[in-house]
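If you want the building blocks of each chain, they are given just below.
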Amino acid sequence: PLDFYYCLYAGTSLPPRHSIDEQYVEANFFPADPGKDQVRHIKENKAGKAVQSQGVMDWVATKDRHFSIVLKPILKSTFRGLVQGLGNHRFDVALQSEKVTLPSGGVLENEFLIYIGPNEIEELEPLGLGPLVNFGKLDLIGKALVGGLELLHLVFRNYGLSIILLTFLINLLLFP
């Protein structure tokens, strides 16, 4: 028999394309029990430093303003999140297993969802990754505006016209 831990790396931090994008590069932990906590945003990048989640995670991600790499166990999660700083504003994001005891000749199988793509609510929500898109303190308002824009785009099939109409509707709503 063999006792061990293992890590599955979601990826290294995404390199910023412009200097302003550096502030959006982060790792995310989403707890398996979201009632206790919400998404945790981590920016640990000092070489040799590591941050481990306090509890079991439903998924971990590395993201920037526009794109994400997410690693999510399919079955009930027993993994903790782990961020390891690499220096130079870089870090690794991983899922770390609980202690596993594998009998002689035994097999360990797990299934994972790997998402690599844009931070679009319509694509992330069906996968249970909706909290990855975050508008900060005005999250509710931001999501409502994006939803309104998408609704107008469904009707008019033109983002330019949809933005103009959404701006007009907001001004109409806020007009004294």
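Relevant structure appears above.
The following paragraphs examine the structure supplied in this document. This structure is a prediction, so every number in the text was calculated from the model and none was measured. (Residues numbered from 1 in each chain as written. Predicted model: local features only at pLDDT ≥ 70, side-chain atom pairs only at ≥ 80, totals over all residues. Heavy atoms only, no water.)

**Let's talk about the overall build of the protein chain**
Thought 1: Helix and strand content of the protein chain: 3 helices and 11 strands.
Thought 2: When the helices and strands of the protein chain are read in sequence order from the N terminus, they spell out β-β-β-β-β-β-β-β-β-β-β-α-α-α.
Thought 3: Taken over C-alpha atoms, the radius of gyration comes to 20 Å for the protein chain, far larger than the 16 Å a tight globule of 176 residues would show.
Thought 4: Considered along the principal axes of its C-alpha atoms, the protein chain spans approximately 70 × 35 × 30 Å.
Thought 5: Split into buried and exposed, the 176 residues of the protein chain put 35% on the buried side.
Thought 6: Once local pairs closer than 6 in sequence are excluded, the contacts in the protein chain between residues at least 24 apart make up 64%.
Thought 7: Surface exposure of the protein chain reaches about 11200 Å², of which carbon and sulfur atoms provide 60%.
Thought 8: Positive and negative charge centroids in the protein chain, built from 16 and 19 side chains respectively, lie 6 Å apart. (Helix = DSSP H or I, 4+ residues; strand = E, 2+ residues; numbered from the N terminus. Rg over C-alpha atoms; globule rule 2.2 N^0.38 Å. Buried < 20%, exposed > 50% of the residue type's maximum accessible area, 1.4 Å probe, protein only. Contact = heavy atoms within 4.5 Å. Areas by Shrake-Rupley, 256 points an atom, 1.4 Å probe, with all protein chains shown as cover. Lys, Arg positive; Asp, Glu negative; His and termini not counted. Charge placed at Lys NZ, Arg CZ, Asp CG, Glu CD.)

**Focus: the environment of F29**
Thought 1: If you trace the backbone, F29 turns up in strand β3 (residues 26-31).
Thought 2: The class of F29 is buried, set by a relative accessible area of 1%.
Thought 3: Between the alpha carbons of F29 and L82 there is a distance of 8.6 Å; along the sequence they are 53 residues apart.

**Notes on the sheet that holds strand β2 (residues 7-12)**
Thought 1: In space, the 4 strands of this open sheet follow the order β2-β9-β8-β5, with antiparallel pairing throughout. In this open sheet, the two edge strands, each paired with only one partner strand, are β2 and β5 (50-52). Looking at each pair of strands side by side, their axes are set apart by 20° on average, direction ignored.
Thought 2: Bridging between strand β8 (residues 80-87) and strand β9 (residues 90-96) involves 7 bridges; their strand directions are antiparallel. Each residue of the ladder has a partner; that of L82, found in β9, is A94. (Pairing = 2+ DSSP bridges. Axes fitted to C-alpha atoms, helices over the stretch in contact; angles between N-to-C directions.)

**Focus on the layout of surface pockets**
Thought 1: Taken as a whole, the largest pocket encloses approximately 430 Å³ of empty space.
Thought 2: Lining the largest pocket are 16 residues, and of these K63, D64, R65, N119 and N134 lie nearest its centre.
Thought 3: For the lining of the largest pocket, the class distribution of residues is 4 nonpolar, 6 polar and 6 charged. (1 Å grid on protein atoms, 1.4 Å probe; cavity = no way out; pocket = protein on both sides within 12 Å on 5 of 7 lines; lining within 4 Å. Points joined across faces, edges and corners; volume = space filled by probe spheres on them. Nonpolar A, V, L, I, M, F, W, Y, C, P; charged D, E, K, R; others polar.)

**Quick notes on the nonpolar core**
Nonpolar side chains tend toward joint burial in soluble globular proteins.
Thought 1: The biggest cluster of nonpolar side chains holds 16 residues, and the ones touching the most others in it are V60, V83 and V93.
Thought 2: Going through the elements one at a time, β3, β6 (57-63) and β9 are the ones with two or more residues in this core.
Thought 3: In terms of residue count, the dominant contributor to this core is β9 (3 residues).
Thought 4: If we ignore the near neighbours within four places in the chain, the residues touching V83 are A27, F29, I42, E44, K49, A50, V51, F91, D92 and V93.
Thought 5: Core analysis: the next-biggest nonpolar cluster, separate from the first, contains 11 residues, F30, W59, L129 and L132 among them. (Core = buried A, V, L, I, M, F, W, Y, C linked by side-chain atoms within 4.5 Å.)

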